[in-house]
Amino acid sequence: MLTPHIIAVIGAGPAGLAAAESLSADGFDVVVYDQMPSPARKFLMAGRSGLNLTHAEDLETFLSRYGASASWLEPMIREFPPQALREWAEDLGQPCFTGSSGRVFPKAMKASPLLRAWLARLSAQNTVFALRHRWAGWDETGNLLFETSHGAKRVTAAATILALGGASWPRLGSDGGWRRFLPPESFSPLQPANCGFMTALPPAFHEQFHGEVLHSVTISGVGQSARGDVTITHQGIEGAPVYRLSAMWREA
Ligand SMILES: Cc1cc2nc3c(=O)[nH]c(=O)nc-3n(C[C@H](O)[C@H](O)[C@H](O)COP(=O)(O)OP(=O)(O)OC[C@H]3O[C@@H](n4cnc5c(N)ncnc54)[C@H](O)[C@@H]3O)c2cc1C
């Protein structure tokens, strides 16, 4: 299929949908491709335990959370700050609230009503979805290559946006398989983020207490601390304060 005027957005997670929303609002013909049978599966999973959209802290503190990445992310975050994200969700009919920790959630807590309204907006802006299309690089003339249930498909696009996600939760589509189609120097190596950590506590402790929640505890390390609920897992700990510190602990 040769459709040279289209903009191809590959990946129907929140990053791809946001790109498609902005481009289609500006009048471009956008086709969103995804290898899964439905869009935004990881986003829907994210909402299962409460979709934390953003944080209500002041912008300077918020920017400081991004550590070394703040320098390149800052212009984008200033362009679309947390308050704008909140207003975007509310404009899609999802009122938000700020929890006691300062985190911002849609009142519905789940991602599904937000996603439904988002997809309806994209449809009204004539965005087309091509699902069950696995991107497999480019052919020798620069056409996009897709594997579909009907065989290989070539697409000529005026521009392409890759919004392929990371490599966690592969069953939801984010399998990192796209890395083999790009030169290694064109992307940063994938690293775990928002991850749990193993502890040095005896296995018997975890056997006895896994699943228990420690409420409002402060955890600290590498010069940073965070407060909130921590869950004891089979081998370690998880929870919002652990996730907040996980990138720094990973580097330590
Ligand atoms: C349990 C859980 C809870 C979470 N909670 C929160 C939360 O409360 N708040 C929050 O902000 N974030 C949360 N997240 C993280 C959030 O879900 C991700 O940050 C977000 O989904 C990333 O968006 P993305 O569009 O970059 O990538 P993804 O959502 O990973 O989307 C990438 C898309 O690309 C597609 N794709 C990949 N390779 C190909 C290919 N070769 N061809 C075609 N399509 C391809 C995938 O199928 C996928 O649909 C949570 C995640 C999990 C797993």
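This text goes with the structure placed above it.
What counts, and at which threshold
- Residues numbered from 1 in each chain as written.
- Predicted model: local features only at pLDDT ≥ 70, side-chain atom pairs only at ≥ 80, totals over all residues.
- Heavy atoms only, no water.
- Near = heavy atom within 4 Å.
- Polar contact = N/O pair within 3.5 Å; in protein donor to acceptor, adjacent residues only side chain to side chain.
- Areas by Shrake-Rupley, 256 points an atom, 1.4 Å probe, with all protein chains shown as cover.
- Helix = DSSP H or I, 4+ residues; strand = E, 2+ residues; numbered from the N terminus.
- Buried < 20%, exposed > 50% of the residue type's maximum accessible area, 1.4 Å probe, protein only.
- Phe/Tyr/Trp six-rings, centres within 6.5 Å; stacked < 30°, edge-to-face > 60°.
- Arc of directions from axis to C-beta.

### Thoughts on the site of the ligand
- Around the ligand lies a shell of 25 residues, among which A15, D34, N52, W135 and S174 are the nearest.
- With respect to the ligand, the backbone of G173 contributes an N or O atom lying 3.4 Å from an oxygen atom.
- Protein contact buries 77% of the 990 Å² of open area that the ligand shows by itself.
- Of all the elements in the fold, those that place two or more residues in the shell around the ligand are α1 (14–25), α2 (41–46) and β7 (134–138).
- The element best represented in the shell around the ligand is α2, accounting for 3 residues.

### Notes on unusual backbone geometry
- Positioned with a positive phi, A40 is a non-glycine residue whose angle comes to about 60°.
- Along the chain, the position of A40 falls in the loop between β2 (30–33) and α2.
- Positive phi outside glycine occurs at S216, with the angle close to 50°.
- Considering the arrangement of structural elements, one finds S216 in strand β12 (residues 213–221).
- You can call S216 partly exposed: its relative accessible area is 42%.

### Re the packing of aromatic side chains
- Per the counting criterion, the structure on display carries 10 aromatic pairs.
- Their ring planes at 25° and their centres at 5.6 Å tell us that F97 and F105 sit as a pair that is stacked.
- Among the aromatic residues, those joined into a cluster by ring pairs are F43, W88 and W118.

### Digging into helix α5 (residues 82–91)
- Turning to α5, its buried residues are P82, L85, R86, W88 and A89. End-on, the buried residues of α5 take up no more than an arc of 155°, which puts them together on one face.
- With its phi angle positive at about 85°, G93 sits one or two positions after the end of α5.

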